[in-house]
Amino acid sequence: MSEQVKMAKLERQLRLYKVLLPCAIAEFSAICEVFPYNMRLLQRDLADLKDAGLVSVKYSRKGEGYVKTGIPKLKKDAAPRRNIYLKKLNRLGRLMSELTNEDLPLWKKKDNQAENGFQEYVTAKDSYNEMFPGLSERTRQRDFEILRKLGHQIFYDSADHCFSYNEDEFCLGWVDAPDKIKEDFLDGTW
């Protein structure tokens, strides 16, 4: 990366998460082409992503990059301020990979409500409320704003009177590394 771009910590970590999701092996050199990273900053960001329960990776000398090692888990015994940050990072990462939205025309939505008396489709807002019950409307608005800053197209559709997003822009979720990667590869003892 020729010119250094300053990014907020949260934004930088979420962009790194977006890069790591589809890859079985994320090479350090490839990450540095996209982000202004040195090894120490990358390790700190990966530690935060691990503690937030978003990634589970290990450096492989043989693969010259970070390899997925298992199912990520949220660290629950962090200090109170750090725990708040990790929960926010986890929430935003999960939104990037799990948010759902049924794209139905307004007339079909109204017909469903008129016939059944209830809503049979899921909007981005409904999905958010289902994933994170009890969070305020303002928190949801802030989270959607952060996703927009990251380049996701999430918006209020005034024609359909609901929140929608471009599903092609969102990640697919945490995918385990392929079975062909063996322990000797991970440890570099080949």
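Everything discussed here concerns the structure shown above.
Caption draft 1: Just the pattern of salt bridges, in detail. All told, the structure shown has 10 salt bridges when counted by the stated rule. The salt bridge partner of aspartate 48 is arginine 82, with a shortest N-O separation of 2.7 Å. With aspartate 48 in helix 3 (residues 39-51) and arginine 82 in helix 4 (residues 80-98), this residue pair connects regions lying 34 residues apart in the sequence. Residue aspartate 48 is classed as buried on the basis of its relative accessible area, which comes to 7%. Residues aspartate 143 and arginine 91 are paired through a salt bridge, measuring 2.6 Å at the closest nitrogen-oxygen approach. Here aspartate 143, found in helix 7 (residues 137-149), pairs with arginine 91, found in helix 4; they are 52 residues apart in sequence, far enough to count as distant. Here arginine 91 falls in the buried class, since its relative accessible area comes to 13%. One network of salt bridges, in which partners are shared, links Lys9, Asp48, Asp51 and Arg82.

Caption draft 2: Local environment of the environment of arginine 94. With respect to the helices, strands and loops of the structure, arginine 94 is situated in helix 4. Sequence separation between arginine 94 and glycine 53 is 41 residues, and the spatial gap between their C-alpha atoms is 9.6 Å. If we skip the residues at most four places from it in the chain, arginine 94 touches Leu54, Leu99, Met131 and Phe132.

Caption draft 3: Highlighting the sheet that holds strand 1 (residues 25-27). Read across the open sheet, the three strands follow the order 1-3-2; overall the sheet is antiparallel. Edge positions in the open sheet fall to strand 1 and strand 2 (57-60), since each of these has one partner strand only. Across the sheet, the mean angle separating the axes of adjacent strands is 30 degrees when strand polarity is ignored. Bridge count between strand 2 and strand 3 (residues 65-68): four bridges; the pairing is antiparallel. Each bridged residue has a counterpart across the sheet, and for valine 57 the counterpart in strand 3 is lysine 68.

Caption draft 4: Region of the structure containing the pairing of strand 3. Here three bridges tie strand 1 to strand 3, and the two strands are oriented antiparallel to one another. Residue glutamate 27 lies in a different strand from strand 3, and its bridge partner there is glycine 65. With antiparallel pairing between neighbouring strands as the criterion, strand 2 and strand 3 make up a hairpin whose turn holds four residues, including glutamate 64 at a positive phi of roughly 50 degrees.

Caption draft 5: Representation of the side chain of asparagine 83 within the structure. Within the secondary structure, asparagine 83 sits in helix 4. Judged by its relative accessible area of 16%, asparagine 83 falls in the buried class. Setting aside residues no more than four positions away along its own chain, asparagine 83 makes contact with Lys75, Lys76 and Ala78.

Caption draft 6: Representation of the environment of isoleucine 71 in the model. Secondary-structure assignment places isoleucine 71 in the loop between strand 3 and helix 4. Note: C-alpha distance between isoleucine 71 and valine 57 (14 residues apart in sequence) is 9.4 Å.

Caption draft 7: Main features of the packing of helix 4 against helix 7. Taken N-terminus to C-terminus, the directions of helix 4 and helix 7 make an angle of 65 degrees; their axes are 11 Å apart at the nearest point. As helix 4 runs across helix 7, the sense of the crossing is right-handed. Contact with helix 4, carried on its side by Lys88, Arg91, Leu92, Leu95 and Met96, involves Thr139, Asp143, Ile146 and Leu147 of helix 7 and no other residues of that element.

Rules used throughout
Residues numbered from 1 in each chain as written. Predicted model: local features only at pLDDT ≥ 70, side-chain atom pairs only at ≥ 80, totals over all residues. Heavy atoms only, no water. Salt bridge = Lys/Arg side-chain N within 4 Å of Asp/Glu carboxyl O. Helix = DSSP H or I, 4+ residues; strand = E, 2+ residues; numbered from the N terminus. Buried < 20%, exposed > 50% of the residue type's maximum accessible area, 1.4 Å probe, protein only. Contact = heavy atoms within 4.5 Å. Pairing = 2+ DSSP bridges. Axes fitted to C-alpha atoms, helices over the stretch in contact; angles between N-to-C directions. Left-handed = near helix turned anticlockwise from the far one by under 90°.

Worth remembering: the numbers are spatial, not functional.
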